[in-house]
Amino acid sequence: MANTEQGNGLAPRGSKEKGSDPEMNGGVPGEKPVDKYGFTGGAQQHCGESAEEIPIEVLRQREAKWLEMLNSWDKWMAKKHKKMKERCQKGVPPSLRGRVWLYLTGAKVRREQNQGKFQELDNQPGDPKWVDVIERDLHRQFPFHEMFAARGGHGQQDLFRVLKAYTLHRPEEGYCQAQAPIAAVLLMHMPAEDAFWVLVQICEKYLPGYYSAGLEAIQLDGEILNALLRRVSPVAHRHLKKHKLEPILYMTEWFMCAFSRTLPWASVLRVWDMFLCEGVKIIFRVGLVLLKSMLGSQEKLKACQGLYETMELLRAIQPQYMKEAFLVQEIIELMVSEKDIEKEHHAQLRRWNETHGDLHCKSPPRIHGAKAIMAAEPPGRQDLRQRPAIIVKSPLAPQTDGGRAEAAKENGKTKAKREKTIAPLPEIANPYSPPSDASPILNHMTVKASQESLSSTEHDTYL
């Protein structure tokens, strides 16, 4: 798994899923795609649920609140972070999710401070060793999503660009297969350049060392998860210890893919909203909630008396424990903090040094969430300023004196041009015709503009 050439196949194989492409798993019909290093394919888990229905009025109110926050991001982060965290827990509005993730991770600032960097990396050919491996992995990422379904389609092309650029950005780390589903989820919400910088922040700030050779960081976090489980659910902890079920056998794909290949889609998005706001403690909480839910009582353990049965149970989490409403509430209520994780991290690091020696991978310290990232690298106001790719001016919006003068000038040019090309119609009295001063508004609503909008929608996948 970690660098592809050194994968050890420790991640659990996926459960069977009807309708998977046999070509992706060695020709076994009906089985979920599995790559040779143990990661299951990107087909999403389903549990018969859809996203929580939010009244349109509530959604519009949330959008307005988030737009206000984005316009004064530094002030909200400094003075009203608790309110921002609560709004992330409720779920970021779908229309703004990509932009919010960009701000939460600090990727907006990285992008602004490195103008042209992604284009520079994108134009380079890349290391053939990593290029070949990335190309072989592209079709495995969410193969039933319309963005990635077509081989060589725009989704797979952008995914290749992002992953290749990362190998050039961090050549000492290269490419890890678990990065592909992370990048794919990001590309569903934002353009390639933004997805690249968010991926960089996740790899360097949220999950440092996860994608380096040797899997040391993920093994260390597995031990931290196990220690926290002893406190959260002693029954589950004793059961796993009794059967000598090491954390890396069941939690590797969970953590390295940030549950993007484990949970139903609605739950994935809610988890990511909280994860990118509050940091890795959310990933630990999700793992602890699932383990407690599946193995947290003697009654539940009757169905898994041995190691094999326990592994099978953890490979196919019961749907009711992955539902959005249940999972989010459990995550919020579980009392596991950054301090708890850091305390266990230091304890497990001492034990690791005693048994394995020093870590070979010297990754930077983990930063816990959006507020800590901003505090570590304070941005300038210019770095936070919104730069929308498309600006639409409403003809009904109030205008300044300068705006009105400019609009009058443009309308005068348009009218003169139209009079030259179109012969005047005979004057026929029509009591129902609109007043002449309405024409500037109607001029914006041309058939040509409508046709252009329709033709361009097929290229826009970031709404």
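1. Quick notes on the overall build of the protein chain
Link 1 in the chain: The helix and strand tally for the protein chain stands at 24 helices and zero strands.
Link 2 in the chain: In the protein chain, the proportion of contacts linking residues at least 24 apart, taken out of those at least 6 apart, comes to 77%.
Link 3 in the chain: On the protein chain, roughly 23,800 Å² of surface is accessible, and the fraction owed to carbon and sulfur atoms is 54%.

2. Re the environment of Asp221
Link 1 in the chain: Topologically, Asp221 is positioned in helix H11 (residues 216-232).
Link 2 in the chain: Judged by its relative accessible area of 2%, Asp221 falls in the buried class.
Link 3 in the chain: Through-space distance from the C-alpha of Asp221 to that of His345 is 7.5 Å; in sequence the pair is 124 residues apart.
Link 4 in the chain: Residue contacts for Asp221: discarding those within four places in its chain leaves Tyr210, Met251, Phe284 and Arg366.

3. Observations regarding unusual backbone geometry
Link 1 in the chain: In this structure, Leu215 takes a positive phi of about 60 degrees despite not being glycine.
Link 2 in the chain: Counting through the fold element by element, Leu215 comes out in the loop between helix H10 (192-206) and H11.
Link 3 in the chain: Although it is not a glycine, Lys244 sits at a positive phi angle of roughly 50 degrees.
Link 4 in the chain: One can find Lys244 in the loop between helix H12 (234-242) and helix H13 (248-256).

4. Quick notes on the pattern of salt bridges
Link 1 in the chain: With the rule as written, the count across this model stands at 22 salt bridges.
Link 2 in the chain: Residues Lys205 and Glu377 are paired through a salt bridge, measuring 3.6 Å at the closest nitrogen-oxygen approach. With a gap of 172 residues between them, Lys205 in helix H10 and Glu377 in the loop between helix H20 (370-376) and helix H21 (381-384) connect regions that are remote in the sequence.
Link 3 in the chain: The partner of Asp340 in a salt bridge is Arg231, with the nearest N and O atoms 3.6 Å apart. Linking Asp340 in helix H19 (residues 338-356) with Arg231 in helix H11, this pair joins segments that are 109 residues apart in sequence.
Link 4 in the chain: The structure contains a network of salt bridges with shared partners spanning Arg110, Arg170, Glu172, Glu173 and Glu204.

5. Regarding the nonpolar core
Link 1 in the chain: Counting 118 residues, the largest nonpolar core has Trp73, Leu104, Leu186, Tyr250, Phe255 and Leu295 as the members making the most contacts within it.
Link 2 in the chain: In this structure Leu186 touches Trp101, Ala195, Val198, Leu199, Ile202 and Trp272, once residues within four positions along its chain are discounted.

6. Re the state of the cysteines
Link 1 in the chain: Tallied over the entire structure, the rule returns zero disulfides.
Link 2 in the chain: Between Cys88, a free cysteine, and Cys277, which holds the nearest cysteine sulfur, the sulfur-to-sulfur gap is 3.9 Å.
Link 3 in the chain: For the unlinked cysteine Cys176, the closest cysteine sulfur is that of Cys257, found at 8.0 Å.

7. Brief notes about empty space enclosed by the protein
Link 1 in the chain: According to the stated counting rule, one finds three cavities of 30 Å³ or more in the structure shown.
Link 2 in the chain: By volume, the second largest cavity amounts to about 100 Å³.
Link 3 in the chain: Forming the boundary of the second largest cavity are 13 residues, of which Gly106, Val109, Ile373, Met374 and Glu377 lie nearest the centre.
Link 4 in the chain: Of all elements in the fold, only helix H2 (73-79), helix H4 (97-104), helix H5 (107-113) and H20 reach the threshold of two or more residues within the lining of the second largest cavity.
Link 5 in the chain: In terms of residue count, the dominant contributor to the lining of the second largest cavity is H20 (three residues).
Link 6 in the chain: Partitioned by chemical class, the residues of the lining of the second largest cavity number nine nonpolar, two polar and two charged.

What counts as what
- Residues numbered from 1 in each chain as written.
- Predicted model: local features only at pLDDT ≥ 70, side-chain atom pairs only at ≥ 80, totals over all residues.
- Heavy atoms only, no water.
- Helix = DSSP H or I, 4+ residues; strand = E, 2+ residues; numbered from the N terminus.
- Contact = heavy atoms within 4.5 Å.
- Areas by Shrake-Rupley, 256 points an atom, 1.4 Å probe, with all protein chains shown as cover.
- Buried < 20%, exposed > 50% of the residue type's maximum accessible area, 1.4 Å probe, protein only.
- Salt bridge = Lys/Arg side-chain N within 4 Å of Asp/Glu carboxyl O.
- Core = buried A, V, L, I, M, F, W, Y, C linked by side-chain atoms within 4.5 Å.
- Disulfide = S-S within 2.5 Å.
- 1 Å grid on protein atoms, 1.4 Å probe; cavity = no way out; pocket = protein on both sides within 12 Å on 5 of 7 lines; lining within 4 Å.
- Points joined across faces, edges and corners; volume = space filled by probe spheres on them.
- Nonpolar A, V, L, I, M, F, W, Y, C, P; charged D, E, K, R; others polar.

By themselves, these are just geometric observations and shouldn't be taken as functional.
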